[in-house]
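# Chain and residue survey
Residues per chain are reported as follows:
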Amino acid sequence: MKGQCLCKAVTIETADNQELHACHCNHCRKWGGSAGFTTMVQGIKTNNADNIASFQSSEWGERAFCKTCGTHLYFHQLGTDNYYLSAGLFDDVKFELKSQIFIDKKACYYELANDTPKLTEVEFIAMVTGQ
């Protein structure tokens, strides 16, 4: 898959993955105003690392964005090669919503109609940490 930020200063290339996940955590909601829609991949290639800024938003992850236009690029799980890429980077990918995570943190002002598995914060963290 190939994606790019709004100003096209950053492009990201990775293996195909059409599985989309909606994250309802407080950080995703603060970052984008609603659920964060991401696809999880292992490893990415970028064309312009100098134009990527990151912020460590939790003890286990950092969020990256384009320095020029501010487009949200990804959440990187520290200590791994796991990247949760913003779905909006990809124009021609036919994503399918597969799960909702941090469902216990979801804001009251929206509801997704998709019938998907829903994981709480505790369930998701246990899944990604293997505990």
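Predicted model, so just to flag it, every value in this text is computed and none were measured. (Residues numbered from 1 in each chain as written. Predicted model: local features only at pLDDT ≥ 70, side-chain atom pairs only at ≥ 80, totals over all residues. Heavy atoms only, no water.)

Attention shifts here to the sheet that holds strand β1 (residues 2-4). Pairing in this open sheet of three strands is antiparallel, and the strands run β1-β2-β5 from one edge to the other. Taken across any chain shown, the strands that pair with only one partner, and hence form the sheet edges, are β1 and β5 (45-46). Sheet topology note: the β1/strand β2 (residues 11-13) ladder contains three bridges and is antiparallel. Opposite Q4, over in β2, you have T11 as the bridge partner. (Pairing = 2+ DSSP bridges. Helix = DSSP H or I, 4+ residues; strand = E, 2+ residues; numbered from the N terminus.)

Before going further, it helps to examine the pairing of strand β9 (residues 82-86). Burial within β9 is extensive, with five of its five residues counted as buried. Side chains N82, Y84 and S86 project from β9 onto one buried face, and the interleaved Y83 and L85 project onto a second face that is buried too. Across five bridges, the pairing between strand β4 (residues 36-42) and β9 is antiparallel. When the bridges of β9 are listed, Q42 appears paired with N82. Sheet topology places strand β8 (residues 72-77) next to β9; three bridges connect them, and they run antiparallel. (Buried < 20%, exposed > 50% of the residue type's maximum accessible area, 1.4 Å probe, protein only.)

Bringing the pattern of salt bridges into the picture now. If you walk through the whole model with that rule in mind, you get three salt bridges. When the shortest N-O distance is used, the salt bridge between E96 and K98 registers 3.6 Å. On the accessibility criterion, E96 (47% relative accessible area) is partly exposed. In this structure, K105 engages E121 in a salt bridge whose closest nitrogen and oxygen atoms are separated by 3.5 Å. Separated by 16 residues along the polypeptide, K105 in the loop between β10 (96-101) and β11 (118-119) and E121 in helix α2 (residues 121-129) bring together distant segments of the chain. The class of K105 is partly exposed, set by a relative accessible area of 29%. (Salt bridge = Lys/Arg side-chain N within 4 Å of Asp/Glu carboxyl O.)

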